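Residue-level listing of the chains:
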Amino acid sequence: MPHTPNTSAIPGLPSPDRLPALRRRIQAVLIATQILGGLGIAIGVALAAVLAKDVSGTEALSGLASTATVAGPALLAMPLASLMARRGRRGGLVLAYLVGAFGAGVVVLGSVLGSFPLLLAGLVGFGAGSSANLAARFAAADLAEPDRRARAISTVVWATTIGAVLGPNVAAPAGRSVSGLGIPAAAGPFVWASGVFVVAAVTVALLLRPDPLLTARALAGPEEAEDADGRSLKAGLRAVRASSRARLALVTVAGSHTAMVSIMSMTPVALSHHGADIRLIGLVISGHIAGMYAFSPVMGWLSDRLGRLTVIGLAVALISTAALLAGTAGAGHGQVALGLFVLGLGWSAGLVSGSALLTDSVPQAARAAVQGLSDFIMNTSAGLGGLAAGLIVSQAGYGWLNVVGACLLLPMTVLVLRGALRRA
């Protein structure tokens with residue numbers, strides 16, 4: 001007979017009839033903090049490169065700003081996963097937001113002192129704040145019903161759209177707000193970002209109760225709730241090695257993200273070489289962001305209805321099409337814009353379906369560790385991809401960068417076909 005947990009024996013554990021309301025409340029809290037986290041990141045990222053140029057005194061070093069913000073979540077991913085595996089989501093999310101707030105404060109200090117190394121260190125901590133937004137998608141999946149797991153993930157991912165759109169628009173007022181305080185205007189957004197991250201941390205600490213991960217373990221039964229050994233990072237690695245579907249999920253999330261970051265990061269440069277002004281470049285990137293986040297609920301619905309493998313195949317098709325459109329556009333700005341929008345859609349399909357498949361494919365106890373491993377691999381590979389993208393464009397051109405981006409999808413394609421053949 002299937003196991004039915006004795007929820008009445010566990011203090012604070014919701015009864016089955018209260019679970020739907022609890023799911024809705026947890027999701028509402030995650031959506032609110034996702035908006036705040038997205039806003040905090042977008043406020044700062046909007047002027048990070050400008051601030052780096054002002055402090056360093058050269059454009060040649062301004063690109064290190066984006067590298068530093070990508071390095072932050074990669075460095076925090078595994079410690080954060082270890083903390084969540086032991087203590088639950090709430091402590092991990094609070095820590096990530098507070099690290100982001102502290103990092104933003106260090107950015108401001110570095111700008112006031114004119115210290116470029118201090119500025120970069122602050123940007124690493126600031127970027128680490130986005131680890132909370134990444135981890136929130138898995139927190140949404142903790143209590144979701146298996147056939148609605150992808151939709152739960154996608155709804156939280158979608159909420160980032162609001163913050164990402166608002167962020168660049170409040171960067172200017174944030175800069176004006178520090179006039180007269182001895183703080184450079186370009187550092188003003190980081191003052192605001194620090195405050196936003198603190199608000200997000202307080203919101204999680206007060207309202208994300210009961211902890212969704214700990215509750216899910218308790219509902220899974222006493223064996224899962226008490227399996228401390230199964231939560232270690234080593235156990236997570238064993239779970240990945242034991243599951244071909246988990247490996248496909250990791251490859252999907254990392255491959256989609258790396259292809260997207262590599263192509264997107266160099267698109268403004270390619271557009272400027274063909275006469276595009278800052279306004280047009282901003283519109284192209286805005287369309288790309290809309291493709292990334294605004295349609296994620298559609299990807300979640302498709303993933304739950306049609307299956308994870310089908311939507312992973314869709315991600316391969318979309319990103320490949322995007323690379324073809326952008327890579328052959330030349331001076332066709334409209335074609336580049338369409339390619340970047342489709343690239344965002346492909347990223348969304350890969351992230352949502354891959355994250356859901358990963359959660360499906362490993363035991364409850366190992367999920368937090370495996371999810372942290374996924375974010376570590378995703379951010380590390382994207383950071384390396386971003387660095388390589390500049391070299392590829394400088395040596396071979398933007399078209400070849402898109403070819404390389406499409407080639408990153410080959411492992412996903414092979415694994416999806418292999419999985420489809422096994423199911424046939």
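Rules behind the numbers
Residues numbered from 1 in each chain as written. Predicted model: local features only at pLDDT ≥ 70, side-chain atom pairs only at ≥ 80, totals over all residues. Heavy atoms only, no water. Helix = DSSP H or I, 4+ residues; strand = E, 2+ residues; numbered from the N terminus. Expected span 1.5 Å × (residues − 1). Axes fitted to C-alpha atoms, helices over the stretch in contact; angles between N-to-C directions. Parallel < 35°, antiparallel > 145°, perpendicular 65-115°, else oblique. Left-handed = near helix turned anticlockwise from the far one by under 90°. Nonpolar A, V, L, I, M, F, W, Y, C, P; charged D, E, K, R; others polar. Patch = residues over 30% accessible without salt bridge, like charges linked within 9 Å, V, L, I, M, F, W, Y side chains within 5 Å. Areas by Shrake-Rupley, 256 points an atom, 1.4 Å probe, with all protein chains shown as cover. Salt bridge = Lys/Arg side-chain N within 4 Å of Asp/Glu carboxyl O. Phe/Tyr/Trp six-rings, centres within 6.5 Å; stacked < 30°, edge-to-face > 60°. Buried < 20%, exposed > 50% of the residue type's maximum accessible area, 1.4 Å probe, protein only.

J.: For this particular structure, what's the right way to read helix α16 (residues 367-395)?
T.: Every α-helix carries 3.6 residues per turn, so stepping three or four residues along brings you back to the same face. Between its first and last C-alpha atoms α16 spans 41 Å; for 29 residues at 1.5 Å apiece the expected length is 42 Å, and the two agree. Positive backbone phi, at 110 degrees, marks G397, one or two positions downstream of α16.

J.: So what exactly am I meant to see when it comes to the packing of helix α11 (residues 244-273) against helix α15 (residues 333-361) here?
T.: Each packed pair of helices is defined by two parameters, the angle between the axes and the distance between the axes. Packing of α11 against α15 brings their axes to within 8 Å, and their N-to-C directions diverge by 160 degrees. With respect to α15, the axis of α11 lies roughly antiparallel. In the crossing of α11 with α15, the sense of the turn from one axis to the other is left-handed. Looking at side-chain class alone, the contact of α11 with α15 contains 16 nonpolar, 9 polar and 1 charged residues.

J.: What's the story with a nonpolar patch on the surface in this structure? I'm lost.
T.: Among the surface-exposed residues, L98, V198, V202, L206 and L207 lie close enough to one another that they form a single nonpolar patch of about 430 Å² accessible area. No other element matches the 4 residues that helix α7 (residues 188-207) contributes to the nonpolar patch.

J.: What am I meant to see in the packing of aromatic side chains here?
T.: For any two aromatic rings, the description comes down to two numbers: the centre-to-centre distance and the angle of the planes. Summed over the entire model, instances satisfying the criterion amount to 5 aromatic pairs. Between F126 and F197, the aromatic rings sit 5.9 Å apart at their centres with planes inclined by 50 degrees, giving tilted as the arrangement. Of this pair, F126 sits in helix α4 (residues 116-128) while F197 sits in helix α7, placing them 71 residues apart in sequence. Judged on exposure class, the residue F126 and its partner F197 are both buried. Look at Y293 and W347: their rings are 5.5 Å apart centre to centre, the planes differ by 80 degrees, and that puts the pair in the edge-to-face class. On the criterion of sequence distance, the pair formed by Y293 in helix α12 (residues 278-293) and W347 in helix α15 is long-range, its members being 54 residues apart. You can call Y293 buried: its relative accessible area is 17%. The exposure class assigned to W347 is buried, which follows from its relative accessible area of 5%.

J.: Looking at this structure, I do not really get the pattern of salt bridges. What am I missing?
T.: Oppositely charged side chains may form a pair once their charged atoms are brought near each other. What the rule picks out here adds up to 6 salt bridges. Its salt-bridge partner being D375, residue R137 comes within 3.1 Å of it at the nearest N-O pair. Taken together, the positions of R137 in helix α5 (residues 130-142) and D375 in helix α16 put the pair 238 residues apart, joining distant regions of the chain. Under the relative-accessibility criterion, R137 is labelled buried at 1%. Judged by relative accessible area, D375 falls into the buried class, the value being 7%. Between D360 and R149 there is a salt bridge, with the nearest N and O atoms lying 2.5 Å from each other. Here the residue D360 occupies a position in helix α15, and R149 occupies one in helix α6 (residues 149-177), the gap between them amounting to 211 residues. According to the relative accessible area criterion, D360 is partly exposed, its value standing at 31%. For R149, a relative accessible area of 7% translates into the label buried. Salt bridges linked by common partners bring R149, R151, D304, R308 and D360 together as one network.

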